[in-house]
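Each chain, letter by letter, is given below.
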Amino acid sequence: MLFRSKEKEFFASSRPDIAEAGTGSRRKQMIKDLEQNDPSLYRTFSEELRKHDGIAHFIGNSGRYPFCGRGRINTYAVFAELNRTLINFIGRVGCIVPSGIATDDTTKFFFQDLIARSSLVSLYDFENRDCIFIGVHRSYKFCLLTLTGSGKPNQRGAEFLFFAHQTTDLGDPERRFVLTADDIALLNPNTRTCPIFRSRRDAELTRYIYRRVQVLIDESQGERGNPWGISFKQGLFNMTSDSHLFRERKELEKAGWQLQGNVFVRGQERHLPLYEAKMIHHYDHRWATYTPEGDTRDLTLAEKRRPDFAPLPRYWVEARHVAAALAGRWKKEWLLGFRDITNTTNERTVIASVLPSMAVGHTMPIILPRNDDAHAIILFSASLISFAFDYISRQKVGGTHLTFGFLQQLPILPPSTYSLPCPWAGAGPAGGVTIGDWLLPRVLELVYTSHDLAPFARDCGYDDPPFKWDEERRFQLRCELDAAFFHLYLGTEQEWREQAAPELLAYFSSPRDAVAYILDTFPIVKRKDEQVYNEYRTRRVIIENYENMAAAISNHT
């Protein structure tokens, strides 16, 4: 439990309306109103709050818990730190605690110290799917944590296993892997928390990619550690605390506003649509629209083929509030956003899109590069959408949120990559077609399918009408792009032979083998393909493109 009053849990049985009021000002106001409306319940809540705050103060100021007695103090973390301090110089201790001890931001300082002092012997992570613990939710994750005393440090690195269901899973050597302090510093340089791998093979392949491609933001390197100059914004409006700014369609129409596309207009004033994360997908800011009943549905193919069709939101926000939210940070008429809610078991983990400069809810964080050059940003967005990047993301995202912390520590090709000669386009060392030159027209064709992104197209140097939405054409373009990013992330055959560790070569003799394996780790993509085409078509076509590019590279070297 957290040593902090959890309002939602406290009021779940006595006042579910308060518990379900969402976060922010509304719930707090309802609690404050209890002082007059229900003084007995208010007093009980206040006493519980004081007790929690008192315990947290005691733990945080006792000096016994320097790593876990800070911030959001949790009993399991305090328990783990207490176990560590109780063992003698050459002793060991084993305990069962939530797996967040190694992956959560709130416990990162404790985990960092375990690794730095070689105190961690092993961490075996379990999902309670088989109901090992009765009465505990089946999705709950816990781990067997083993620590050693300072007199017998574990110099070989700690052993890990994730996603076990039974203790018999510990007997599978392919699921256990060792990570050293240097490995964790490479994979998570900012937080030094533990990455999550399903197998030793995934650990070796991920380690190889990180040695080739630096993380998006390495905080220890200052400006050099953020070559894209990236900053983030948690959307433009909070769906709860900013709700007083939101207007519904009926309300605006009653006040005389006219709907033009998906923008309400009255004279020179405008109300802009409020985009939510569920409305976007890969290369598609028109993935879903709200219905009059308040539900969402996917756009039809006929609607996508209309460049003038605009999805409707649930709410609209006055344009001046949108301008104020972006003031001083962004001047373009378009944005780059991604879905906050995700999961490693979804069809895809990272979903990002370029979209018009509209109101954006907090479930769609915004990426704001220092350099607002459209050419660079469109290439950056393409790397986010690639299968190569998504595979790595699945090794790192431990929960249901793609937080800034996770994204910062994922490997992103630096801007300089796109200025290099394109090896599969026949460019010689003196110049010619660059990687960016080859990628840009393909990505632009996928992105620019409606008039509302005309400002973005112009910033990319394209003044013609939107590209036609053609499903087969889009599939082929995406397969070409995925094949290209596999080459960029994994390197050439020669680079693979020179840079891959023997442990990795034992699994994959060539980068082509790694491409095939990575694509096989997307079972929902495979299942959907097989239902429609009776084969895993995405895998086949990407590999065909990959092999053609590899042949071109070989012919020009």
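Our structure's up above, just so we're on the same page.
All chains use their own residue numbering, which begins from 1 and follows the written sequence. Whole-chain, interface and lining totals are the exception, using all residues; otherwise, since this is a predicted model, local features are given only for residues with pLDDT of at least 70 and side-chain atom pairs are given and counted only at 80 or more. Calculation of side-chain values draws on the structure's entire complement of heavy atoms; hydrogens and water are dropped beforehand.

In this structure, what is going on with the overall build of the protein? I would like to understand it.
Check the secondary structure of the protein and you find 23 helices and 17 strands. The globule rule puts the C-alpha radius of gyration for 557 residues at 24 Å, and the 26 Å found for the protein is close to it. Taking the principal axes of the C-alpha coordinates as reference, the protein spans close to 70 × 70 × 45 Å. Exposure is judged per residue with a 1.4 Å probe applied to protein chains only, and the accessible area is read against the type maximum: over 50% gives exposed, under 20% gives buried, and values in between give partly exposed. Out of the 557 residues belonging to the protein, those deemed buried represent 52%. Note on areas: these come from Shrake-Rupley sampling with a 1.4 Å probe, and a residue is covered only by the protein chains present in the view. If you sum the accessible surface of the protein, you get close to 26000 Å²; carbon and sulfur atoms cover 49% of it. None of His or the chain ends enter the tally, which takes Lys and Arg as positive and Asp and Glu as negative. Lysine's charge is taken at NZ, arginine's at CZ, aspartate's at CG and glutamate's at CD. Taking the average location of the 70 positive side-chain charges in the protein and that of its 69 negative ones, the two points are 3 Å from each other. Runs of H or I in DSSP of at least four residues are treated as helices and runs of E of at least two as strands, each being numbered from the N terminus. Between the two quantities, the radius of gyration covers C-alpha atoms and the globule rule is 2.2 Å times the number of residues to the power 0.38.

Would you mind going over the environment of Ile542 with me for this structure?
Mapped onto the fold, Ile542 is located in helix α23 (residues 537–555). Spatially, the C-alpha atom of Ile542 lies 6.6 Å from that of Glu480, the residues being 62 residues apart in sequence. If we skip the residues at most four places from it in the chain, Ile542 touches Phe387, Cys479, Asp482, Ala483, Phe486 and Leu519. Only heavy atoms enter the contact rule, under which two residues are in contact if any of them lie within 4.5 Å.

Explain the side chain of Ser510 here, please?
Inspection of the secondary structure puts Ser510 in the loop between α20 (502–505) and α21 (511–520). Contact partners of Ser510, with chain neighbours within four places excluded, come to Glu493 and Trp496.

Where do I start with the pattern of salt bridges in this structure?
Once the charged atoms of two side chains with opposite charge are near each other, the side chains can pair. A carboxyl oxygen of Asp or Glu within 4 Å of a side-chain nitrogen of Lys or Arg is what we treat as a salt bridge. Tallied over the full model, the rule gives 32 salt bridges. Lys51 is paired through a salt bridge with Glu48; the nearest N and O atoms lie 3.7 Å apart. You can see Lys51 and its partner Glu48 sitting in helix α4 (residues 39–61), 3 residues apart, about one turn around the helix. A salt bridge links Arg394 to Asp390; its shortest N-O distance comes to 3.4 Å. With Arg394 and Asp390 both in helix α14 (residues 387–396) and 4 residues apart, this pair spans about one turn of that helix. For the residue pair Arg394 and Asp390, the accessibility class agrees, reading buried in each case. One salt-bridge network, held together by shared partners, links Arg84, Asp113 and Arg117.

Even after reading the chapter, I still don't get the sheet that holds strand β4 (residues 158–164), so can you show me in this structure?
Strand pairing within a sheet occurs via backbone hydrogen bonds; the two strands may be parallel or antiparallel. The pairing criterion is simple: DSSP has to find at least two bridges between the two strands. Taking strand neighbours across the sheet as the criterion, the 5 strands line up as β1-β3-β2-β4-β5 in an open arrangement whose pairing is mixed. Each edge of the sheet is formed by a strand with only one pairing partner; in this case those strands are β1 (92–98) and β5 (177–179). Neighbour-to-neighbour, the strand axes of this sheet turn through a mean angle of 20°, independent of strand direction. Summarising the sheet, strand β2 (residues 120–127) and strand β3 (residues 141–148) pair through 7 bridges and their orientation is antiparallel. Paired with Tyr124 across the two strands is Leu144, which belongs to β3. Axis definition: a line fitted to C-alpha atoms, limited for helices to the stretch in contact. Angles are taken between N-to-C directions and run from 0 to 180 degrees. Packed onto the sheet, helix α5 (residues 75–86) meets β1 and β3 and runs at close to 175° relative to β1.

Looking at this structure, how should I read the pairing of strand β6 (residues 230–233)?
It is a general feature of regular strands that their side chains alternate between the two faces of the sheet. With burial as the criterion, only one face of β6 is covered, namely that bearing Ile230 and Phe232; the residues Ser231 and Lys233 on the opposite face remain uncovered. Of the pairings in the sheet, the one linking β6 to strand β17 (residues 366–369) comprises 4 bridges and is antiparallel in character. Paired with Phe232 across the bridge in β17 is Ile367.

How should the nonpolar core be read in this particular structure?
We call a set of buried residues a nonpolar core when its members are Ala, Val, Leu, Ile, Met, Phe, Trp, Tyr or Cys and they connect through side-chain atoms within 4.5 Å of each other. Core analysis: the biggest nonpolar cluster contains 148 residues, and Ile101, Leu145, Phe160, Leu205, Phe237, Phe456 and Phe486 have the highest contact counts within it. By residue number, the principal contributor to this core is helix α18 (residues 471–490), which donates 11 residues. Counting residues in each nonpolar core, the second largest holds 9 residues, with Phe11, Ala19, Ile31 and Phe45 among its members.

Help me out: how do you make sense of a nonpolar patch on the surface in this one?
A contiguous nonpolar surface patch, about 400 Å² in accessible area, is contributed by Ile96, Ile132, Phe133, Val136 and Tyr140. Classification of Ile96 by relative accessible area gives partly exposed; the value is 47%. Nonpolar side chains (Val, Leu, Ile, Met, Phe, Trp, Tyr) within 5 Å and like charges within 9 Å form the patches, drawn only from residues with over 30% relative accessible area and no salt bridge.

Honestly, the packing of aromatic side chains in this entry has me stumped. Any pointers?
Each aromatic ring pair is specified by the distance between its two centres and by the angle formed by the two planes. Aromatic contacts are taken between Phe, Tyr and Trp rings whose centres are within 6.5 Å, Trp giving its six-membered ring; a plane angle under 30 degrees counts as stacked, one over 60 as edge-to-face, and the others as tilted. By the definition in use, this model includes 25 aromatic pairs. Taking 5.1 Å as the distance between ring centres and 35° as the angle between the ring planes, the aromatic pair formed by Phe11 and Phe45 counts as tilted. Highlighted residues: Phe11 in the loop between α1 (7–10) and α2 (16–19) and Phe45 in helix α4, separated in sequence by 34 residues. Look at Phe45 and you get buried, because its relative accessible area is 6%. Here the aromatic rings of Phe160 and Phe162 are separated by 6.3 Å at their centres, their planes lie at 5°, and the arrangement is stacked. Just as Phe160 is buried, Phe162 falls in that class too. Site record: aromatic cluster; members linked through ring pairs are Phe160, Phe162, Phe177 and Phe197. Charges are assigned to positions over rings by a cutoff of 6 Å between ring centre and Lys NZ or Arg CZ, combined with an angular limit of 35 degrees from the ring normal. Against the face of Trp438 rests Arg442, its NZ or CZ located 3.7 Å from the ring centre. When the ring centre of Tyr533 is taken as origin, the NZ or CZ atom of Arg537, which lies over that ring, is 4.0 Å away.

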